Amino acid sequence: MTDEQIELIRIRLATLRRELTPDAVADVARDLGLVVSDALVLHALERLRRTSVGAGPLEPLLRLPGVTDVLVNGPHAVYIDRGRGLELTDVTFASDHEVRRLAARLAASVGRRIDDASPCVDTRLADGTRVHAILAVLADPGTCLSLRIPARGTVTLDRWVATGSLHPELDAVLRAIVLRRRAYLVSGGTGSGKTTLLAALLSLVPATERLVICEDSRELDPDHPHCVRLESRLPNAEGAGAVDLTTLVRQALRMRPDRLIVGEVRGAELCDLLAALNTGHEGGCGTVHANSVADVPARLEALAALGGMDRAATHAQVAAALDLVVHVARRSDGGRRVAQVGLVRRDDTGVVRIEEAASVDSEGRLLRGRAWPDLEELVR
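The shown structure was predicted, so the numbers you read here are calculated from the model rather than taken from an experiment. (Residues numbered from 1 in each chain as written. Predicted model: local features only at pLDDT ≥ 70, side-chain atom pairs only at ≥ 80, totals over all residues. Heavy atoms only, no water.)

Engineer: Mind showing me how you'd approach the overall build of the protein chain here?
Structural biologist: Check the secondary structure of the protein chain and you find 13 helices and 15 strands. Taking the principal axes of the C-alpha coordinates as reference, the protein chain spans close to 80 × 50 × 40 Å. Scored against the burial criterion, the 380 residues of the protein chain give a buried share of 48%. Relative to all contacts within the protein chain whose residues are 6 or more apart in sequence, the contacts with residues 24 or more apart total 52%. Total accessible area computed for the protein chain in this model is approximately 18000 Å², and 50% of it derives from carbon and sulfur atoms. Taking the average place of the 48 positive charges on the side chains of the protein chain and the average place of its 52 negative ones, the gap between the two points comes to 3 Å. (Helix = DSSP H or I, 4+ residues; strand = E, 2+ residues; numbered from the N terminus. Buried < 20%, exposed > 50% of the residue type's maximum accessible area, 1.4 Å probe, protein only. Contact = heavy atoms within 4.5 Å. Areas by Shrake-Rupley, 256 points an atom, 1.4 Å probe, with all protein chains shown as cover. Lys, Arg positive; Asp, Glu negative; His and termini not counted. Charge placed at Lys NZ, Arg CZ, Asp CG, Glu CD.)

Encoded structure:
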């Protein structure tokens, strides 16, 4: 059967408000003048279910143990990531039209739209799955989907150590950072495990403390009994109703947080976070995109500029607000590793530098840097 015939059956079933059953499909097919057979009905049912329920043909991939990302590069290339790098699957779509229809349905399920007039969408489904879609009018080899699956439960620091992602000595350091209420950022590239590590650290916060988490898209899910999550909101179809991350951070400060957390610092909200950490909100934290601890100051300088903060003020605020940076990186085998810990330092010119206290080489060996004694003093 053609895509057009399948779509006609789908529309007719929806119009008649009939369930997706063999009898209903057979009746609609006859009304459309098709020659009905058992094979045709089974084929139509399979096609309709693939594109009408959940994530369609991607649904089995989303349920695989350990899968964090499902990537669709047009109709004939679907990849997954389950901690070993990207793997090509045998899942395919019949056509780009089928991929586009899935993207439109996923977007519509949460009140968003994607079409030629608005060919991109970035949203979160009801189950927490992050969905980005871009249509073939802008993308080659066709409509692309990127699905980020939320963690099924918090990955503990013990698990990080057991899998070789965290050196035992750094495990002790990170636990002390949390208990001593040090202010820190977790840096790393996309998909490096920043959010996963931060959730594990937040789970160590004493149950008597209140966490208030601000995020663009809800990803952090720490195992903690007193956790309030705030999520930003995009404008509606009329361009109204938007609530940005800066607004959420300001609101969070009025909610008596023991620890203020920004899931991912990516804009002007950095200024409000730094101001909070400099006014008695100890133990605050967040994540930021950076290639290494040494690159973090430049990244923060660029983000603070979006909030109108000049270079000198930014470095002064960062030096007073933050204690250290923990960097997470991908290993050569696709796994994740806590690769560096650096201390925030301000030189004689007033510029902030991140001085490396420890790093882990490709063999998993801990290398102590010049700032290691100061790190020990910081967490003692």
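What follows picks up the thread again.
Engineer: Just to check I follow, could you spell out the nonpolar core for this structure?
Structural biologist: It is characteristic of soluble globular proteins that their nonpolar side chains tend to be buried jointly. Leu 170, Tyr 184, Leu 197, Leu 202, Leu 324 and Leu 375 are the most contacted members of the largest nonpolar core, which has 39 residues in total. Residues contacting Leu 202, with those up to four places away along its chain left out, are Tyr 184, Leu 211, Ile 213, Leu 220, Pro 222, His 224, Ile 261 and Cys 285. (Core = buried A, V, L, I, M, F, W, Y, C linked by side-chain atoms within 4.5 Å.)

Engineer: For this particular structure, what's the right way to read the sheet that holds strand S2 (residues 78-81)?
Structural biologist: Note: strands within a sheet are paired through backbone hydrogen bonds, in either parallel or antiparallel orientation. Here we have 6 strands laid out as an open sheet, ordered S3-S2-S1-S6-S5-S4, and antiparallel in their pairing. Bordering the open sheet on either side are strand S3 (86-88) and strand S4 (120-124), each of which pairs with just one other strand. Ignoring which end each strand starts from, the neighbouring axes of this sheet average 15° apart. Pairing geometry for S4 and strand S5 (residues 130-134), over 5 bridges, is antiparallel. By the bridge assignment for S5, Asp 122 is matched with His 132. This element, helix H5 (residues 96-108), spans strand S1 (69-73), S4, S5 and strand S6 (144-148) of the sheet and lies at about 45° to S6. (Pairing = 2+ DSSP bridges. Axes fitted to C-alpha atoms, helices over the stretch in contact; angles between N-to-C directions.)

Engineer: When you look at the pairing of S1 in this model, what are you seeing that I'm missing?
Structural biologist: Along any regular strand the residues' side chains alternate between the sheet's two faces. Here 5 bridges tie S1 to S6, and the two strands are oriented antiparallel to one another. Within the sheet, the bridge partner assigned to Val 70 lies in S6 and is Leu 147. Relative to S2, S1 runs antiparallel, the two sharing 4 bridges. When the sheet's bridge partners are listed, Asp 69 is paired in S2 with Asp 81. The turn joining S1 and S2, which pair antiparallel and follow one another in sequence, is formed by 4 residues; a positive phi near 75° is taken by Gly 74.

Engineer: Hey, could you run me through the sheet that holds strand S14 (residues 352-360) in this one?
Structural biologist: A sheet is described by the order of its strands in space; here 9 strands give the open sequence S9-S8-S10-S11-S7-S12-S13-S14-S15, paired in mixed fashion. The sheet is open, and its two edges are formed by strand S9 (227-231) and strand S15 (366-368), each paired on a single side. Each neighbouring strand pair of the sheet contributes to a mean axis angle of 25°, computed without reference to strand direction. In this sheet, S14 lies alongside strand S13 (residues 336-346) in antiparallel orientation, the contact comprising 7 bridges. Paired with Gln 340 across the two strands is Ser 359, which belongs to S14. Running at roughly 90° to S13, helix H13 (residues 372-379) makes contact with strand S12 (324-330), S13, S14 and S15 of the sheet.

Engineer: Explanation requested: the pattern of salt bridges in the structure shown.
Structural biologist: Evaluation of the coordinates by the stated rule reveals 28 salt bridges. A salt bridge links Asp 122 to Arg 130; the shortest N-O distance between them is 2.9 Å. Arg 175 serves as the salt-bridge partner of Asp 171, at 3.0 Å between the closest nitrogen and oxygen. Of this pair, Asp 171 and Arg 175 both sit in helix H7 (residues 168-179), separated by 4 residues, roughly a single helical turn. Salt bridges sharing common partners tie together Arg 181, Glu 209, Arg 259 and Glu 282. (Salt bridge = Lys/Arg side-chain N within 4 Å of Asp/Glu carboxyl O.)

Engineer: Help me out: how do you make sense of the packing of helix H11 (residues 296-306) against helix H12 (residues 311-321) in this one?
Structural biologist: To characterise two packed helices, one gives the angle between the axes of the helices and the distance between these axes. At a minimum axis distance of 10 Å, the contact between H11 and H12 shows a crossing angle of 120°. Classified by the angle their axes make, H11 and H12 are oblique. The two elements H11 and H12 cross, and the hand of that crossing is right-handed. Counting all contacts with H11, which are made through Leu 300, Glu 301 and Ala 304, the residues of H12 involved are Arg 311, Thr 314, His 315 and Val 318. In terms of residue class, the contact of H11 with H12 is built from 3 nonpolar, 2 polar and 2 charged. (Parallel < 35°, antiparallel > 145°, perpendicular 65-115°, else oblique. Left-handed = near helix turned anticlockwise from the far one by under 90°. Nonpolar A, V, L, I, M, F, W, Y, C, P; charged D, E, K, R; others polar.)

Engineer: Whenever I open this one, the side chain of Arg 130 confuses me. Can you help?
Structural biologist: Here Arg 130 lies in strand S5. Classification of Arg 130 as buried rests on a relative accessible area of 18%. Non-local contacts of Arg 130, meaning those with residues more than four positions away in its chain, are made with Asp 122, Thr 123, Arg 124, Ser 146, Leu 147, Arg 148, Ser 217 and Glu 219.

Engineer: What's the story with the packing of aromatic side chains in this structure? I'm lost.
Structural biologist: The geometry of an aromatic ring pair comes down to the distance between the two centres and the angle between the two planes. The final tally for this structure, using the stated rule, is 0 aromatic pairs. Above the plane of the ring of Trp 372 lies Arg 368, whose end atom (NZ or CZ) is 5.1 Å from the centre. (Phe/Tyr/Trp six-rings, centres within 6.5 Å; stacked < 30°, edge-to-face > 60°. Lys NZ or Arg CZ within 6 Å of the ring centre and 35° of its normal.)

Engineer: It is not clear to me how unusual backbone geometry should be interpreted in this structure. Could you clarify?
Structural biologist: What is expected of a backbone is that most residues other than glycine have negative phi and most peptide bonds are trans. Here the amide bond leading from Asp 140 into Pro 141 is cis, since omega sits at 25°, within 30 degrees of zero. Residue placement: Pro 141 occurs in the loop between S5 and S6. Unusually for a residue other than glycine, Arg 181 sits at a positive phi of about 60°. Relative to the helices and strands, Arg 181 is located in the loop between H7 and strand S7 (184-188). Relative accessible area serves as the criterion here: at 25%, Arg 181 is assigned to the partly exposed category. The backbone of Arg 256 sits at a positive phi, close to 55°, despite the residue not being glycine. The class of Arg 256 is exposed, set by a relative accessible area of 56%.

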